[in-house]
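# Reading the structure
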Amino acid sequence: MDRVVDLDEVAAVVAGRTVGWRSAGLEVGEVNWRDAEASWPQPLETDRARMHDPDSVGVVISGPGEAELSVVLFRGGWADVDFIAGLDDAGSLPASGIVSASDFEARMNQWVARVFGVCGGAH
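In this report, we go over the structure that sits alongside the text.

## A few points about the overall build of the protein
- A count of helical and extended segments in the protein gives 2 helices and 7 strands.
- When its helices and strands are written in sequence order, the protein yields α-β-β-β-β-β-β-β-α.
- Compactness check: the protein gives a C-alpha radius of gyration of 14 Å against a globular reference of 14 Å for 123 residues, within 12% of the reference.
- Viewed in the frame of its principal axes, the protein has a C-alpha envelope of about 40 × 25 × 25 Å.
- When contacts within the protein are restricted to residue pairs at least 6 apart in sequence, those whose partners lie at least 24 apart make up 47%.
- Carbon and sulfur atoms make up 51% of the accessible area of the protein, which totals about 6500 Å².
- Computed over 9 positive and 20 negative side-chain charges, the separation of the two mean positions in the protein equals 3 Å.

Here is the structure:
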């Protein structure tokens, strides 16, 4: 898989936004990593130091009314973005062509606002 996005920079973006999300009433799970070198099925780890060759980083954010946003970014520049914003409002959001951590940050802000109705850029 091509290395388009620096996953360590993305994890730093998530860490930098966590306080703001929590102050907006959201719960932010631990960042998890998947190692490209691990045997199938590749386990998810929360300890970055255990990763030899990370190929994805992910986080789950939960909010009121059982709303949830799950984002897994792959170093190739795409993400799996699944959400539940309400009983009749759930699905996946388009997430391809991500070229940098700042691009990911802008999109993450949009996804958080879409699902939870709060500013994803809150600090």
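## Digging into the packing of helix H1 (residues 7-23) against helix H2 (residues 101-116)
- Remark: H1 packs on H2, axes separated minimally by 9 Å, with the N-to-C direction vectors making an angle of 35°. The handedness of the crossing between H1 and H2 is right-handed. On H2, the residues that touch Glu9, Val10, Val13, Val14, Arg17 and Trp21 of H1 are Ala101, Phe104, Glu105, Met108, Asn109 and Val112.

## A closer look at the pattern of salt bridges
- Counting across every chain of the model gives 8 salt bridges.
- Put simply, Glu45 and Arg50 hold a salt bridge, and the shortest N to O gap is 3.4 Å.
- Through salt bridges with shared partners, one network takes in Arg3, Asp53 and Arg75.

Here is what the cut-offs are and how they apply
Residues numbered from 1 in each chain as written. Predicted model: local features only at pLDDT ≥ 70, side-chain atom pairs only at ≥ 80, totals over all residues. Heavy atoms only, no water. Helix = DSSP H or I, 4+ residues; strand = E, 2+ residues; numbered from the N terminus. Rg over C-alpha atoms; globule rule 2.2 N^0.38 Å. Contact = heavy atoms within 4.5 Å. Areas by Shrake-Rupley, 256 points an atom, 1.4 Å probe, with all protein chains shown as cover. Lys, Arg positive; Asp, Glu negative; His and termini not counted. Charge placed at Lys NZ, Arg CZ, Asp CG, Glu CD. Axes fitted to C-alpha atoms, helices over the stretch in contact; angles between N-to-C directions. Left-handed = near helix turned anticlockwise from the far one by under 90°. Salt bridge = Lys/Arg side-chain N within 4 Å of Asp/Glu carboxyl O.

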